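Spelled out, the chains give:
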Amino acid sequence: MDEKTLKQTDIAVYKAIQSETRREMDHLVMIASENYASRAVIEAQANVMTNKYAEGYPAARYYGGCEFVDEVEEIAIKRAKDLFKVEYVNVQPHSGSQANMAVYMSFLSPGDVILGMNLAHGGHLSHGSSVSFSGMLYKGISYGLNSRTQLIDYDQINDLVKMHKPKMIIAGASAYPRQIDFNLFHEIAHSNGAYLMVDMAHIAGLIAANLHPSPVGKADFITSTTHKTLRGPRGGLILARKEFGPRLNKGIFPGIQGGPLMHIIAAKAVSFKEAMTQDFIDYQVQVIKNAKVLADELMRLGFDLISGGTDNHLLLVDLSKMAITGQEAEHALEQVAIVANKNSIPFDKRGPRVTSGLRLGTPALTTRGMKEPEMKIIASIIKGVIKDPGNQIELARARNKVLEICESYPIYQSLMYDKKENIQ
Ligand code: PLP
């Protein structure tokens, strides 16, 4: 058998991975949905369980030789149940969108009405958008933010529920900086005979650390990704009451997936163990503190934020009154090695490719150990870049400052295969 290393086998892919490792070291990652998984999580993903077919579930597989992958999946399930205090867990969804799809396929019929958050107000594609399977297979209706408070408009949700009688209401967002009231969602869904699905992808880590109210006991189904604030490998997760377990299991396999990615499930198990530690709770506390300081500092420097601040790990800068679009801001920040993303803001006059917003998150910076003082420095760098994106001298100065910060908070030293090999 060929036991050559990656570098010996495929120098092109090796170099790209090496360069990506360096990019992640040398940039300030402020994409709210990204994080740095631990070395242990990354190691667990790169293992021989990628070889194993394991269609089915532990002790009920359609393939032989599953005793050790069973062990790993059972550990992952048990840990996720303990972490989120929930009766049923499925760790097999390949991604957050797959988790959502499995819930819909298990409990809806094509053409049923679903009510989710408007993409332009912070919702996710898989919550009923017309360009996603969710809006193609089901009739997607959307709720949004109140134009004055810029908070979720629960009165509007009530009205839309009465008007459209959705079979499922979806709570959860990709760009909402405030806490979501799962009690209110539960009341609305319950009193109108609709299922409630909470997609907690963005805030799963905060929920695991008890820093955001949990949807457990409020939602019929809870879906998540495992790679955002939860800081695990790229993947999905479903939680529910025990009674829904058999249908959800069938929804994932054979419903929408074949063999589970057992190496990823191994890494999910590791990340759930990490999420049960005091260190993880301290980390999430700091994620929120950092977001608040970043928000306050940006507002002090003259920026408007959607809803006037944040309660969680992200903030949404409203650039509509400034002479720069979201797209231009993203590009200018990239030049100084700050990676963030343009984002539509509620009632945005610009299209989704241009936008008037910038989404910023603190999960990755906080994993590197950055705290309040760094947030203040980063806010002032962002201000300098966005207010004067054409000033090359300022940009060069800002880039150097960013590099200095990155060097003070190193990451993934042990994952650089060959430190001397400076492939850019
Ligand atoms: N749900 C929410 C709220 C998200 O923000 C995202 C991704 O950003 C997803 C689902 C989809 O996850 P994935 O990219 O793993 O399909």
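Here goes a summary of the coordinates provided. Just so you know, these numbers come straight off a predicted model, no measurement behind them.

**Let's talk about the site of the ligand**
Working step 1: Surveying the vicinity of the ligand reveals the residues Ser 95, Gly 96, Ser 97, His 124, Ala 173, Ser 174, Asp 199, Ala 201, His 202, Thr 225, His 227 and Lys 228.
Working step 2: Burial of the ligand by the surrounding chains reaches 84%, relative to a free accessible area of 400 Å².
Working step 3: The residue inventory of the shell around the ligand, partitioned by class, reads two nonpolar, eight polar and two charged.

**Section: the packing of aromatic side chains**
Working step 1: Scanning the model with the defined rule gives 14 aromatic pairs in all.
Working step 2: Seen from their ring centres, Tyr 195 and Phe 221 are 5.3 Å apart, and the 55 degrees between their planes marks the pair as tilted. On the criterion of sequence distance, the pair formed by Tyr 195 in strand β8 (residues 195-199) and Phe 221 in strand β9 (residues 221-225) is long-range, its members being 26 residues apart.
Working step 3: Of the residues examined, Phe 221 reaches a relative accessible area of 0% and is grouped as buried.
Working step 4: Ring centres 4.9 Å apart and planes at 50 degrees place the aromatic pair Phe 221 and Phe 244 in the tilted group. Separated by 23 residues along the polypeptide, Phe 221 in strand β9 and Phe 244 in the loop between β10 (236-240) and α10 (245-256) bring together distant segments of the chain. Residues Phe 221 and Phe 244 agree in their burial class; the two are buried.
Working step 5: Here the aromatic cluster, defined as three or more aromatic residues joined through ring pairs, consists of Phe 107, Tyr 195, Phe 221 and Phe 244.

**Thoughts on the packing of helix α7 (residues 154-164) against helix α8 (residues 182-191)**
Working step 1: At a closest axis distance of 10 Å, the pairing of α7 and α8 adopts a crossing angle of 15 degrees. The angle between α7 and α8 places the two elements in the roughly parallel class. Relative to α8, α7 is oriented so that their crossing is right-handed. Only Leu 184, Phe 185 and Ile 188 of α8 make contact with α7, whose side of the interface consists of Tyr 154, Ile 157, Asn 158 and Val 161.
Working step 2: Residue composition of the contact of α7 with α8, by class: six nonpolar, one polar and no charged.

**Observations regarding the pattern of salt bridges**
Working step 1: Going through the model one piece at a time under the given rule, you end up with 14 salt bridges.
Working step 2: Salt-bridge contacts for Asp 70 lead to Arg 61; the nearest nitrogen and oxygen are separated by 2.7 Å. Across the pair, Arg 61 and Asp 70 agree in class, each one buried.
Working step 3: When the shortest N-O distance is used, the salt bridge between Arg 300 and Glu 297 registers 2.8 Å. Of this pair, Arg 300 and Glu 297 both sit in helix α12 (residues 278-300), separated by three residues, roughly a single helical turn.
Working step 4: What makes Glu 297 buried here is its relative accessible area of 11%.

**Points about the environment of Ala 171**
Working step 1: Residue placement: Ala 171 occurs in strand β7 (residues 168-171).
Working step 2: Of the residues examined, Ala 171 reaches a relative accessible area of 0% and is grouped as buried.
Working step 3: Separated by 104 residues in sequence, Ala 171 and Glu 67 place their C-alpha atoms 37 Å apart.
Working step 4: In contact with Ala 171, other than residues within four places in its own chain, are Tyr 143, Phe 182, Phe 185, Leu 196, Met 197, Val 198 and Asp 199.

**Details of the sheet that holds strand β4 (residues 88-90)**
Working step 1: If you trace the seven strands from one edge of the open sheet to the other, you get β4-β10-β9-β8-β7-β5-β6, paired in mixed fashion. The open sheet terminates on both sides in strands that have one partner only, identified here as β4 and β6 (139-143). On average, each strand axis in the sheet is tilted by 20 degrees relative to the strand beside it, whichever way the strands run.
Working step 2: Sheet topology places β9 next to β10; five bridges connect them, and they run antiparallel. By the bridge assignment for β10, Thr 225 is matched with Gly 236.
Working step 3: Packed onto the sheet, α7 meets β5 (113-117), β6 and β7 and runs at close to 155 degrees relative to β6.

What counts and what doesn't
- Residues numbered from 1 in each chain as written.
- Predicted model: local features only at pLDDT ≥ 70, side-chain atom pairs only at ≥ 80, totals over all residues.
- Heavy atoms only, no water.
- Near = heavy atom within 4 Å.
- Areas by Shrake-Rupley, 256 points an atom, 1.4 Å probe, with all protein chains shown as cover.
- Nonpolar A, V, L, I, M, F, W, Y, C, P; charged D, E, K, R; others polar.
- Phe/Tyr/Trp six-rings, centres within 6.5 Å; stacked < 30°, edge-to-face > 60°.
- Helix = DSSP H or I, 4+ residues; strand = E, 2+ residues; numbered from the N terminus.
- Buried < 20%, exposed > 50% of the residue type's maximum accessible area, 1.4 Å probe, protein only.
- Axes fitted to C-alpha atoms, helices over the stretch in contact; angles between N-to-C directions.
- Parallel < 35°, antiparallel > 145°, perpendicular 65-115°, else oblique.
- Left-handed = near helix turned anticlockwise from the far one by under 90°.
- Contact = heavy atoms within 4.5 Å.
- Salt bridge = Lys/Arg side-chain N within 4 Å of Asp/Glu carboxyl O.
- Pairing = 2+ DSSP bridges.

Take it as geometry only, folks, not as evidence of what the structure does.
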